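Observations on the three-dimensional arrangement
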Amino acid sequence: MTRPQRPPKSAAPDPSNIDTTQRPFVLIWEVTQACHLACNHCRADANPLRHPEELTTEEGKRLLDQASEFGPGQLVVLSGGDPLTRPDLTELVEYGTKQGLRMTLTPSGTTSLTPETVSQLGDAGIKRLALSLDGGSASAHDSFRGVDGSFEQTVQAARAARDAGIPLQINTTVCAQTVDELPALRDLVADLGAVLWSVFFLVPVGRGRVLDPLTPDHAEEVMEWLSAVSDDAPFGVKTTEAPHYRRVSIQQRRDSIDAPSNDGIGRRLGISAGDGFAFVSHTGELFPSGFLPKSVGNVRDGGLVEGYRESELFRALRDRDNLRGKCGSCEFRHICGGSRSRAYAHTGDPHASDPLCAYVPEGYTGPMPTGRASSD
Ligand code: SF4
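Residues numbered from 1 in each chain as written. Predicted model: local features only at pLDDT ≥ 70, side-chain atom pairs only at ≥ 80, totals over all residues.

Relative to the helices and strands, Asn-171 is located in strand S5 (residues 168–174). Between the C-alpha atoms of Asn-171 and Phe-200, which are 29 residues apart in sequence, the distance is 7.1 Å. (Helix = DSSP H or I, 4+ residues; strand = E, 2+ residues; numbered from the N terminus.)

See the structure below:
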């Protein structure tokens, strides 16, 4: 059988030239909350059924039209739930690709994720596949994900992505229950030929409330370890909801002229909720991040670009002088600023200090962040 020709590559904009007051570096669209896994940490509180008010195919296409107004090569991540529960997924990927968007996908490790599906998505124009692995073995991963066989499905899909020439990203959730798996995961990420390892530091929302986050000191140790891994690994390393990784990396390289300016695959450092990052929920609500559920409007009304550029919340989040407490006094606030989502989850104030960070700025005598876990 003759393979259909892959769509042409949409040019990636130069990350250092992206003005994050005008466009997000990453736009996430949660295409559905439906998922057949039952992950312990699920932000979306996913269940097997699609929501009746989920954006329809036509509404989804209008959203992608709006996304293309940000400029050529806008990165769009289709997330969930499990995007593969939408029968129109390939159509949406093809449509977005035709609009000049760089379409990427974060499917769940289920029986739907076959090598054939991966290949079809590649033919539709997928620029990257991001798969979740939270344990270096089937038993560790499957118990965290709540379904036997998820590890094998995920590894099989990762190999299929490599065979199909689709760049692979591995996402890992780090919390007290998974942290000991990190060395095995590092080896697995290398073995699978991934281009990027994205390590998500738990934010207590959705089902993630039942898991234990790391203490600040333990998180600091993990970030130092990740920074060392990134020096030698054949893949890039980034953190999600832990921008203090930038501070840790810079502190470790202080005497080096090679301070990192991107995350190893050209993604600029310094993006955070509402500042280079935006999230559209399955019902079309626009949030600064999937972990910061304060809506600034619904994209059904056509307000994606204006909501990102002009809404009071997004503008306030981009101004690091609005930060309070320890983060507000910190000399690293412009390259870090802390996780706004975690601050919001703990205090209801998106400008409060991030309780996961162990760093105390010199001379700071104010209160420590609310929700700060005690040290090990
Ligand atoms: S105190 Fe806040 S801004 Fe400073 S490094 Fe920690 S999280 Fe980042």
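Here we come to the site of the ligand. Lining the immediate surroundings of the ligand are 14 residues, of which Cys-327, Cys-330, Cys-336, Gly-338 and Cys-357 lie closest. Secondary structure elements with two or more residues in the shell around the ligand: helix H8 (244–252) and helix H11 (325–328). When grouped by side-chain class, the residues that make up the shell around the ligand number 6 nonpolar, 4 polar and 4 charged. (Near = placed C-beta within 6 Å. Nonpolar A, V, L, I, M, F, W, Y, C, P; charged D, E, K, R; others polar.)

Here we take up the packing of helix H1 (residues 57–68) against helix H2 (residues 89–98). Orientation of H1 relative to H2, taken along the N-to-C sense of each, is 25°, at an axis distance of 10 Å. The orientation of H1 relative to H2 falls into the category roughly parallel. The chirality of how H1 crosses H2 is right-handed. In contact with Thr-57, Gly-60, Lys-61 and Leu-64 of H1, H2 contributes Glu-91, Leu-92, Tyr-95 and Gly-96. For the contact of H1 with H2, a count of residues per class yields 3 nonpolar, 3 polar and 2 charged. (Axes fitted to C-alpha atoms, helices over the stretch in contact; angles between N-to-C directions. Parallel < 35°, antiparallel > 145°, perpendicular 65-115°, else oblique. Left-handed = near helix turned anticlockwise from the far one by under 90°. Contact = placed C-beta atoms within 7 Å.)

So, about the nonpolar core. Across soluble globular proteins, nonpolar side chains have a tendency to be buried as a group. Val-76, Leu-129 and Leu-168 are the most contacted members of the largest nonpolar core, which totals 80 residues. At 5 residues, strand S6 (residues 196–201) tops the list of elements feeding residues into this core. When residues no more than four places from it in sequence are discounted, the contact partners of Leu-129 are Leu-105, Val-118, Ala-161, Ile-166 and Leu-168. Ranked by size, the runner-up nonpolar core spans 5 residues in total, among them Leu-323, Cys-330, Phe-332 and Cys-336. (Core = buried A, V, L, I, M, F, W, Y, C linked by C-beta atoms within 7 Å. Buried ≥ 20, exposed ≤ 12 C-beta atoms within 10 Å, placed from the backbone.)

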